Amino acid sequence: MKKIILSGAILAGLIIGCRQLPTQPDNSIIEPMLPAVAFDYAHINSPYGKLSLYYEDSTLIDSKKATIGRVLFYDKALSHNNSTSCASCHIQANGFADVTAFSVGFNGQPTKRNSLSISNLFDVRKTGYFWDTRESKIEEMVFKPIEDHIEMGFENISLITEKISNLPYYKKLFKDCYGDELITQERMRESLGQFLFSIVNANSKFDRGQKNNFADFTTNEKNGMNLFVENGCSECHFIHTSFSPAGAERDKMANIGLDVSDKDKGKEHQYRIPDLRNVANTAPYMHDGRFTTLNQVVNHYGFNVQPNPYLSEELKNKKPNIPPSNYAGTNNSDIANFLKTLNDDFTTVNERYSNPFKN
Ligand code: HEC
Ligand code: HEC
């Protein structure tokens, strides 16, 4: 009995806790380490040549804004209790996804869905953000996790500019970028958005292959690519991104027959078709992180697609022709090897996307 009363008290404490004023940063403030001249976030080298990177409707990315965005992305001060940053659940080495099925938020509570990897948002913006495509404006989207009662818990969002203004390093960054020290929500939203849009995966082995007829591909990778196309994977997962303001037109959502009894019905029983760039690093997979290896994913498409009224046309009455070696065991099957060619080390290791608060 005592136990029940106690946990009730703790629960009430947690609920009230969220509504309390955000914890101010303490005295041990760490300054971000930034280059003297901002990284060039507006361009990247790729097999297609030097690409210009755009934000929203074809505004060239502003490197100073993206720099502020980088600092905000890694700053735990954006959470209610200084425990959690965006990067807590979007880890660079993992294609900006998380390594657990459900991420842990500022109060130790799990998120309801698997963290999505972040890349090529210029294309994602056309489908809508999140697993259910519910958000279509990046500047609306970037504050959702900050305010979320599980993720970062900053419920009284009007106090965020005051809290951020108390951190000495932002004044200089905002002045340098916007001409004055004023820190507004609009500027924060824009700079976070600019940083996210600068994370572009266009320098993968696959991209090099597109330019040289896949001359560097191993036999396994070529087999995997053929299986990917022959089995209709590419009908949903577009891998030829255009990297230009024209963007690639892609399907939005699909039901792939994961399981009929799933309590999370998604949006009309469908989920966003995820970008497969960097996918070898973004395990676990699916909206609920149920699969830990690429072979388990392929096994699903080969064996376990559950018929249901919402199942996508592409997967109805289709007999996949995937050799069994792709299903079990290691991640060295043909399809998995092909999917690994979609990785771009530039996004997963380059300093310009890394944590400036380290060292
Ligand atoms: C506690 C973990 C957590 C934190 C902290 C977090 N996120 Fe997320 N993020 C998620 C999860 C989980 C999803 C998928 C949610 C969904 O689809 O319902 C997601 C989705 C996203 C997406 C959508 C990507 C796409 O392709 O649609 C973006 C962009 C994003 N987060 C950016 C951010 C930013 C910016 C911050 C910091 C301001 C942040 N996240 C903080 C867990 C987190
Ligand atoms: C009808 C469209 C469609 C087809 C065809 C399709 N997929 Fe998917 N794929 C999806 C959707 C939607 C999801 C997310 C489902 C969810 O989480 O509920 C997904 C998820 C994935 C994931 C996990 C990505 C992540 O980040 O979690 C991988 C890997 C994948 N598919 C590979 C494949 C392969 C390989 C094939 C071909 C054998 C294939 N897909 C065929 C729509 C499709």
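Note: the structure precedes this text.
Residues numbered from 1 in each chain as written. Chains lettered and ligands numbered in written order. Predicted model: local features only at pLDDT ≥ 70, side-chain atom pairs only at ≥ 80, totals over all residues. Heavy atoms only, no water.

Q: Just checking my understanding: could you explain the packing of helix H2 (residues 63–74) against helix H8 (residues 168–178) for this structure?
A: For any two helices packed against each other, the geometry is given by the interaxial angle and the distance between the axes. It is the contact of H2 with H8, at a shortest axis distance of 9 Å, that shows an interaxial angle of 160°. Judged on the interaxial angle alone, H8 and H2 are roughly antiparallel. Once H2 is placed against H8, the crossing between them reads as left-handed. Counted together, Lys64, Lys65, Thr67, Ile68, Val71 and Leu72 of H2 and Tyr169, Tyr170, Leu173, Phe174, Asp176, Cys177 and Tyr178 of H8 form the full contact between these two elements. Residues that form the contact of H2 with H8 fall into these classes: nine nonpolar, one polar and three charged. (Axes fitted to C-alpha atoms, helices over the stretch in contact; angles between N-to-C directions. Helix = DSSP H or I, 4+ residues; strand = E, 2+ residues; numbered from the N terminus. Parallel < 35°, antiparallel > 145°, perpendicular 65-115°, else oblique. Left-handed = near helix turned anticlockwise from the far one by under 90°. Contact = heavy atoms within 4.5 Å. Nonpolar A, V, L, I, M, F, W, Y, C, P; charged D, E, K, R; others polar.)

Q: I keep staring at the coordination of the iron atom of ligand 1 and nothing clicks. Help me out?
A: When a metal holds four donors in a tetrahedron, each ideal angle between them is 109.5 degrees; when it holds six in an octahedron, the ideal angles are 90 or 180 degrees. With respect to protein ligation, the iron atom of ligand 1 binds only His90 (NE2), at 2.1 Å. On the secondary structure map, His90 appears in the loop between helix H3 (86–89) and helix H4 (121–124). (Donors = N, O, S within 2.8 Å, 3.2 Å for Na, K, Ca; no water.)

Q: How do you make sense of the packing of aromatic side chains when you look at a structure like this?
A: The geometry of two aromatic rings is summed up by the distance between their centres and the angle between their planes. One pass over the structure, following the stated rule, counts 19 aromatic pairs. The interplanar angle of 65° and the centroid separation of 5.8 Å between the aromatic rings of Tyr169 and Phe357 together place this pair among those described as edge-to-face. Of this pair, Tyr169 sits in helix H8 while Phe357 sits in the segment after helix H15 (345–349); the two residues are 188 residues apart in sequence, bridging distant segments of the chain. With relative accessibility at 15%, the residue Phe357 sits in the buried group. (Phe/Tyr/Trp six-rings, centres within 6.5 Å; stacked < 30°, edge-to-face > 60°. Buried < 20%, exposed > 50% of the residue type's maximum accessible area, 1.4 Å probe, protein only.)

Q: Is there a simple way to think about the coordination of the iron atom of ligand 2 in this case?
A: His237 (NE2) and Tyr301 (OH) make up the full set of protein donors to the iron atom of ligand 2, lying at 1.9 to 2.0 Å. Given six donor atoms and angles of 84 to 180° at the metal, the environment of the iron atom of ligand 2 is assigned as octahedral. With a gap of 64 residues between them, His237 in the loop between helix H12 (233–236) and strand S5 (253–254) and Tyr301 in helix H13 (residues 294–304) connect regions that are remote in the sequence. Using a relative accessible area of 12% as the deciding quantity, one classes His237 as buried. (Tetrahedral: all angles 85-135°; square planar, octahedral: opposite > 155°, others 65-115°.)

Q: I would appreciate a short explanation of the site of ligand 2 in the present structure.
A: What surrounds ligand 2 is a group of 24 residues, the closest being Cys233, Cys236, His237, His287 and Tyr301. Tyr301 has a polar side-chain atom sitting 2.7 Å from a nitrogen atom of ligand 2. Top contributing element to the shell around ligand 2 by residue count: H13, with three residues. Per-class residue counts for the shell around ligand 2 are 18 nonpolar, four polar and two charged. (Near = heavy atom within 4 Å. Polar contact = N/O pair within 3.5 Å; in protein donor to acceptor, adjacent residues only side chain to side chain.)

Q: I would appreciate a short explanation of the environment of Ser198 in the present structure.
A: Here Ser198 lies in the loop between helix H9 (185–197) and helix H10 (205–212). You can call Ser198 buried: its relative accessible area is 0%. Separated by 143 residues in the primary sequence, Ser198 and Tyr55 place their C-alpha atoms 7.9 Å from one another. When neighbours within four sequence positions are excluded, Ser198 is seen to be in contact with Tyr41, Leu53, Ile61, Arg352 and Tyr353.

Q: Quick question: what am I supposed to make of the site of ligand 1 here?
A: In the vicinity of ligand 1, 27 residues are found, and the nearest of them are Cys86, Cys89, His90, Phe130 and Trp131. One of the backbone nitrogen or oxygen atoms of Phe130 is found 2.7 Å away from an oxygen atom of ligand 1. Of the residues contributing to the shell around ligand 1, the split by class is 15 nonpolar, eight polar and four charged.

Q: Can you help me understand the layout of surface pockets in this one?
A: Regions of empty space are outlined by a rolling probe, equal in size to a water molecule, passed over the atoms. Quantified by volume, the second largest pocket comes out at close to 540 Å³. Lining the second largest pocket are 23 residues, and of these Ile30, Tyr74, Asp75, Lys76 and Phe357 sit closest to its centre. Broken down by class, the residue content of the lining of the second largest pocket amounts to 11 nonpolar, nine polar and three charged. (1 Å grid on protein atoms, 1.4 Å probe; cavity = no way out; pocket = protein on both sides within 12 Å on 5 of 7 lines; lining within 4 Å. Points joined across faces, edges and corners; volume = space filled by probe spheres on them.)

Q: Honestly, the pairing of strand S1 (residues 43–46) in this entry has me stumped. Any pointers?
A: As a general feature of sheets, a regular strand has side chains that alternate between the two faces. Here S1 shows one buried face, formed by Ile44 and Ser46, and one open face, formed by His43 and Asn45. Direction of pairing for S1 relative to strand S2 (residues 49–52): antiparallel, over a ladder of four bridges. When the sheet's bridge partners are listed, His43 is paired in S2 with Ser52. Between S1 and S2, which pair antiparallel one after the other, the connecting turn spans two residues. (Pairing = 2+ DSSP bridges.)

Q: How should I be thinking about the packing of H2 against H9 in this particular structure?
A: The N-to-C vectors of H2 and H9 enclose an angle of 95°; their axes lie 7 Å apart at closest approach. By the angle between their directions, the pair H2 and H9 is classed as roughly perpendicular. Residue-level contacts link Lys65, Ala66, Ile68, Gly69, Arg70, Leu72 and Phe73 of H2 to Met188, Glu190, Ser191, Leu192, Gln194, Phe195 and Leu196 of H9.

Scope: geometric values only; no functional claims are made or implied.
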